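# Structural overview for review
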Amino acid sequence: MDSIESFIRRLPKAELHLHLEGTIRPETVVELSRRHDKEPLTLEQAQAFYNFTDFTGFIMGFRSVTERLVTPEDYALVATRMMEQLAAQGVVHAEVYISVGVIYLWRNHAEGAVDPIFAALDKAREEASARLGLSLYWIFDAVRHFPPEQAERVFADAARLRKKYPSIVAIGLGGDERRTGSEPFRAMFADAASHGLKLTNHAGETTGPEAIREALSIGTERIGHALSAIRDFHLLSELKERQIPLELNPTSNIRTGQCANFAAHPLRQYFDAGLLVTLNSDDPAFFGSDLASEYLLAHQQQGFTRDELRTLASNSIKASFLPEAEQKHWLERIRSSM
Ligand SMILES: [Zn+2]
């Protein structure tokens, strides 16, 4: 039998909770800084963005990196690098969050500001997809603690652009849950759904189980993090009954101080209870992890066997927004992967 690392590498798997901006490595930040900053950052200065000890520090570092994304070419560059990183881990499909609000900020909120950026992103996706053999969908992500009009605009742009770019499959809500829950977005979620967009939502990452209930109550179809569900037995039953897909991000939760260590993450308990859990890396460049290493840690820290890792991979395909025929193809490949 070969090593667990190469088994994981070969296992076809999907990454469903990944922020484009969170895949940008310090070296690329320096490259972007040379394009845009009067005094370009040194590698050391760029690396400082990735040193944080709590959730607030993480948000600040994330913002400093994202601020260096200005032109369509910048976005194309980081999308291509991200897809190369995914392919190297044996990821066959990814659904990636884009912080669309940042684009408005840079373009002084001009109408159609996102169009040239997204055109470049999707061209990069198409090129890398053909070259590397993985599929990728986009999720337009709004920042929940910004004014609600901005989320409205992000979701309206998703609905408008989706007509031309079917690779936009869903909308999401990220940002600081401690400041805003899900309720203010109820009508926006209903509207997005009426345009054929799927609904994802970060919930229960820095907040209690009631935030997850609130997210479900506005029609959320896939929950990001769901860390605090472990504290509510009835909620766990509901998540199981309805087989609500959960996008878990253990290393992210540890690095932002929400969870003590990998062994203490509820991944194992959710899995054993029959919940539809998936493993994800969230912001790999910031958390010093990637999807393959999350699988490896699940094996090392929580005793996931090869068969159980296969189930996690199958879950990631089932929880994806891929059409049924493609899901079937990958599920068969996972079953036969050795
Ligand atoms: Zn996230």
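Provided above is the structure to which this section pertains.
Figured I'd write up the structure that's included with this text. (Residues numbered from 1 in each chain as written. Predicted model: local features only at pLDDT ≥ 70, side-chain atom pairs only at ≥ 80, totals over all residues. Heavy atoms only, no water.)

Let us now look at the layout of surface pockets. Here the largest pocket defines a volume of roughly 600 Å³. Together, 29 residues line the largest pocket, and I59, F62, V143, H145 and G175 are the ones closest to its centre. Contributions of two or more residues to the lining of the largest pocket are made by α4 (55-66), α6 (100-106) and β3 (135-143). In terms of residues, the lining of the largest pocket owes the most to one element, α4, which gives eight residues. (1 Å grid on protein atoms, 1.4 Å probe; cavity = no way out; pocket = protein on both sides within 12 Å on 5 of 7 lines; lining within 4 Å. Points joined across faces, edges and corners; volume = space filled by probe spheres on them. Helix = DSSP H or I, 4+ residues; strand = E, 2+ residues; numbered from the N terminus.)

Before going further, it helps to spend a moment on helix α5 (residues 72-88). For α5, spanning 17 residues, the distance from its first C-alpha to its last is 25 Å, which sits close to the expected 24 Å at 1.5 Å a residue. Across the 17 residues that make up α5, a large majority, 13, are buried. Phi turns positive one or two residues past the end of α5, at G90, with a value near 75 degrees. (Expected span 1.5 Å × (residues − 1). Buried < 20%, exposed > 50% of the residue type's maximum accessible area, 1.4 Å probe, protein only.)

Okay, the coordination of the zinc ion next. For the zinc ion, the full set of protein donor atoms is H17 (NE2), H19 (NE2), H202 (NE2) and D282 (OD), and the range of their distances to it is 2.1 to 2.4 Å. Coordination geometry of the zinc ion: the four donor atoms subtend angles of 84 to 171 degrees at the metal centre, consistent with an arrangement described as irregular. In the primary sequence, the donor residues of the zinc ion line up as H-x1-H-x182-H-x79-D. Here the residue H17 occupies a position in strand β1 (residues 13-19), and D282 occupies one in the loop between β8 (277-279) and α14 (284-287), the gap between them amounting to 265 residues. When sorted by exposure, H17 lands in the same class as D282, which is buried. (Donors = N, O, S within 2.8 Å, 3.2 Å for Na, K, Ca; no water. Tetrahedral: all angles 85-135°; square planar, octahedral: opposite > 155°, others 65-115°.)

Because each turn of an α-helix spans 3.6 residues, side chains separated by three or four positions in sequence point in the same direction. Along its 15 residues, helix α8 (residues 148-162) runs 21 Å from first to last C-alpha, staying within 8% of the 21 Å computed at 1.5 Å per residue. Turning to α8, its buried residues number three or more, namely Q150, A151, R153, V154, F155, D157, A158, A159 and L161. Looking at the buried residues of α8, the elements they touch are α6, α7 (114-132), β3, β4 (168-174) and α9 (186-194). (Contact = heavy atoms within 4.5 Å.)

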